[in-house]
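One letter stands for each residue in the lines below.
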Amino acid sequence: MKALVYTQPLEMQLQERPDPELQAGEVIIKVAAAGICGSDMHAFHGHDPRRLPGLVLGHELSGIVEESAAPRLQPGQRVTVNPLITCGYCEYCRQGRDNLCFNRTMIGMTRPGAFAEYLSIPAASVIPIPDGLSLVHAAITEPAATALHAVNLSMRVLARPLPEVRTLIIGGGAVGLLTALLLRSYGCRQVAMAEVNPLRRESARKHAGCETYNPLEVSVEENAFDYVVDAVGAKVTRDTALKAIKPGGVIMHIGLQDWASEIDMRKLTLAEISLLGTYTYSMADMYATVQALDEGAFGDLAWVETRSLSDGAQAFSDLHEQRTASGKLVLLPEV
Ligand SMILES: [Zn+2]
Ligand SMILES: [Zn+2]
């Protein structure tokens, strides 16, 4: 089969790889669409010690079951997958918080990923999709589930219901934009977005009705937002989040561009700020997201851009050079 292989920092190569063989308890999926994630870019830049050269990246996908060792899934079934492979028996899996599984592994990281014609994955990770949901849209289930999980965690802590909450989203990449779209569908009326790329600002205005600004030109309104979502996760955006948040507000930290920060613990303490972290999604979040996508909760999704898998190396370098404005590039093996 054809596979797009990460060969060395800043290099992707289309190579011929052996087709995966069916293993007990697994299914082989013929990949229809696979999205490029920020974490794939991180690996491409040589910054991820868990994703080493020789690896097929990609963990956001949809496809069609080709072969199955599980009666639940028949060949021809249209599916998406939860890329986190979890054990099912640890404390967190038993609680339904499987994103925190002690024994989790991941496709496109500890085993070959989705930038290929075929992929093998445990049947337990596979989610059937409704007939009406396109395979391209189904491929954004994973980043959309990241947004859904983060919003659901936040809703437990916010003092007021979302329609009353003034929100700021920092970063208009896929997860930032999907968070804005989801908040809109939940009735959140005031969603502002800070984003440096003018084309992404335009997209957030057009698709999610966000009030937008360029944080390099305008400084953030201080003590002005009940809820701030940091979809970048850098030192500077964490500072912005803490500055923008109103007393009693909630900061949700989704992105993780750099790790360490000095936090203004005085404001955090005296102003009763809740600072929350979030990691991926549970299986329940994935199913809820498939349903939300099918119901059109994330809008028209016209901003999702498709490319051929054969042009995948070019797609990576375009993203690297910031030559594309799209919040999400999806690679199609068949085109
Ligand atoms: Zn991802
Ligand atoms: Zn587990």
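Keep in mind the model is a prediction, meaning the values are calculated, not measured.

Caption draft 1: Looking closely at the packing of helix 4 (residues 141-155) against helix 5 (residues 174-185). Contact geometry for helix 4 and helix 5: axes closest at 8 Å, N-to-C directions at 55 degrees. Judged on the interaxial angle alone, helix 5 and helix 4 are oblique. Considering how the two elements wind past one another, helix 4 and helix 5 form a crossing that is right-handed. Across from Pro143, Ala144, Thr146, Ala147, Leu148 and Val151 in helix 4, the residues of helix 5 making contact are Val175, Leu178, Thr179, Leu182 and Leu183. Counted by class, the contact of helix 4 with helix 5 contains nine nonpolar, two polar and no charged residues.

Caption draft 2: Focus on the coordination of the zinc ion (ligand 2). For the zinc ion (ligand 2), the full set of protein donor atoms is Cys87 (SG), Cys90 (SG), Cys93 (SG) and Cys101 (SG), and the range of their distances to it is 2.3 to 2.4 Å. Classification of the site at the zinc ion (ligand 2) rests on its four donor atoms, whose angles at the metal span 103 to 118 degrees, yielding the label tetrahedral. Each donor residue of the zinc ion (ligand 2) belongs to the same chain, and together they define the spacing C-x2-C-x2-C-x7-C. Relative accessible area serves as the criterion here: at 7%, cysteine 90 is assigned to the buried category.

Caption draft 3: Structural context of the packing of helix 5 against helix 6 (residues 198-208). Between helix 5 and helix 6, the shortest axis-to-axis distance is 10 Å and the interhelical angle comes to 20 degrees. Our classification of the angle between helix 5 and helix 6 gives roughly parallel. In the packing of helix 5 onto helix 6, the handedness of the crossing is right-handed. Here Leu177, Ala180, Leu181 and Arg184 of helix 5 come into contact with helix 6, specifically with Ser203, Ala204, His207 and Ala208. Across the contact of helix 5 with helix 6, the residue classes break down as five nonpolar, two polar and one charged.

Caption draft 4: How the structure looks around the environment of alanine 192. With respect to the secondary-structure elements, alanine 192 resides in strand 12 (residues 190-194). Using a relative accessible area of 5% as the deciding quantity, one classes alanine 192 as buried. Along the sequence, alanine 192 and aspartate 285 sit 93 residues apart, while their C-alpha atoms lie 25 Å from each other. Leave out the neighbours within four places in its chain, and alanine 192 touches Thr167, Leu168, Ile169, Glu211 and Phe225.

Caption draft 5: Spatial organisation of the packing of aromatic side chains. Applying the stated criterion to the full structure yields three aromatic pairs. With a centroid separation of 5.9 Å and an interplanar angle of 85 degrees, the aromatic rings of phenylalanine 115 and phenylalanine 316 are classed as edge-to-face. With phenylalanine 115 in the loop between strand 8 (105-106) and strand 9 (118-122) and phenylalanine 316 in helix 10 (residues 312-320), this pair connects stretches of sequence that are 201 residues apart. Taken as a pair, phenylalanine 115 and phenylalanine 316 share a single burial class, namely buried. Aromatic rings pair up to connect Phe44, Phe115 and Phe316 into one cluster. Positioned above the aromatic ring of phenylalanine 225 is the side chain of arginine 166, whose terminal nitrogen or guanidinium carbon lies 4.4 Å from the ring centre.

Caption draft 6: Just the nonpolar core, in detail. In terms of nonpolar packing, the biggest core is built from 50 residues, with Leu178, Leu183, Tyr227 and Phe298 touching the most fellow members. Residue assignment for this core shows that the elements contributing at least two residues are helix 4, helix 5, strand 12, helix 6, strand 14 (225-230), strand 15 (245-253), helix 9 (283-294) and strand 18 (328-332). Considering every element that reaches this core, the biggest residue donor is helix 5, with seven residues. Once residues within four sequence positions are removed from consideration, leucine 183 is found in contact with Val151, Leu162, Thr167, Ile169, Cys188, Val191 and Tyr227. Ranked by size, the runner-up nonpolar core spans 40 residues in total, among them Met12, Leu73, Val126 and Leu309.

Caption draft 7: Highlighting the pattern of salt bridges. For the coordinates displayed, the defined rule picks out 13 salt bridges. Taking the shortest distance from any N to any O, the salt bridge between glutamate 26 and arginine 111 comes out at 2.9 Å. Pair noted here: glutamate 26 is in strand 3 (residues 26-35) and arginine 111 is in the loop between strand 8 and strand 9, with a separation of 85 residues, a long-range link. Judged by relative accessible area, which is 9%, glutamate 26 ranks as buried. On the basis of relative accessible area, arginine 111 is assigned to the partly exposed category, the value being 22%.

Caption draft 8: How the structure looks around the coordination of the zinc ion (ligand 1). Coordination of the zinc ion (ligand 1) by the protein is provided by Cys37 (SG), His59 (NE2), Glu60 (OE) and Glu142 (OE), with metal-donor distances spanning 2.2 to 2.7 Å. Each of the four donor atoms around the zinc ion (ligand 1) contributes to a set of angles spanning 73 to 155 degrees, which defines the coordination as irregular. One chain supplies every donor to the zinc ion (ligand 1), and in sequence these donors are spaced C-x21-H-E-x81-E. Here glutamate 142 lies in helix 4 and glutamate 60 lies in strand 5 (residues 60-68), a separation of 82 residues in the sequence. Classification of glutamate 60 as buried rests on a relative accessible area of 1%.

The rules behind the values
- Residues numbered from 1 in each chain as written.
- Chains lettered and ligands numbered in written order.
- Predicted model: local features only at pLDDT ≥ 70, side-chain atom pairs only at ≥ 80, totals over all residues.
- Heavy atoms only, no water.
- Axes fitted to C-alpha atoms, helices over the stretch in contact; angles between N-to-C directions.
- Helix = DSSP H or I, 4+ residues; strand = E, 2+ residues; numbered from the N terminus.
- Parallel < 35°, antiparallel > 145°, perpendicular 65-115°, else oblique.
- Left-handed = near helix turned anticlockwise from the far one by under 90°.
- Contact = heavy atoms within 4.5 Å.
- Nonpolar A, V, L, I, M, F, W, Y, C, P; charged D, E, K, R; others polar.
- Donors = N, O, S within 2.8 Å, 3.2 Å for Na, K, Ca; no water.
- Tetrahedral: all angles 85-135°; square planar, octahedral: opposite > 155°, others 65-115°.
- Buried < 20%, exposed > 50% of the residue type's maximum accessible area, 1.4 Å probe, protein only.
- Phe/Tyr/Trp six-rings, centres within 6.5 Å; stacked < 30°, edge-to-face > 60°.
- Lys NZ or Arg CZ within 6 Å of the ring centre and 35° of its normal.
- Core = buried A, V, L, I, M, F, W, Y, C linked by side-chain atoms within 4.5 Å.
- Salt bridge = Lys/Arg side-chain N within 4 Å of Asp/Glu carboxyl O.

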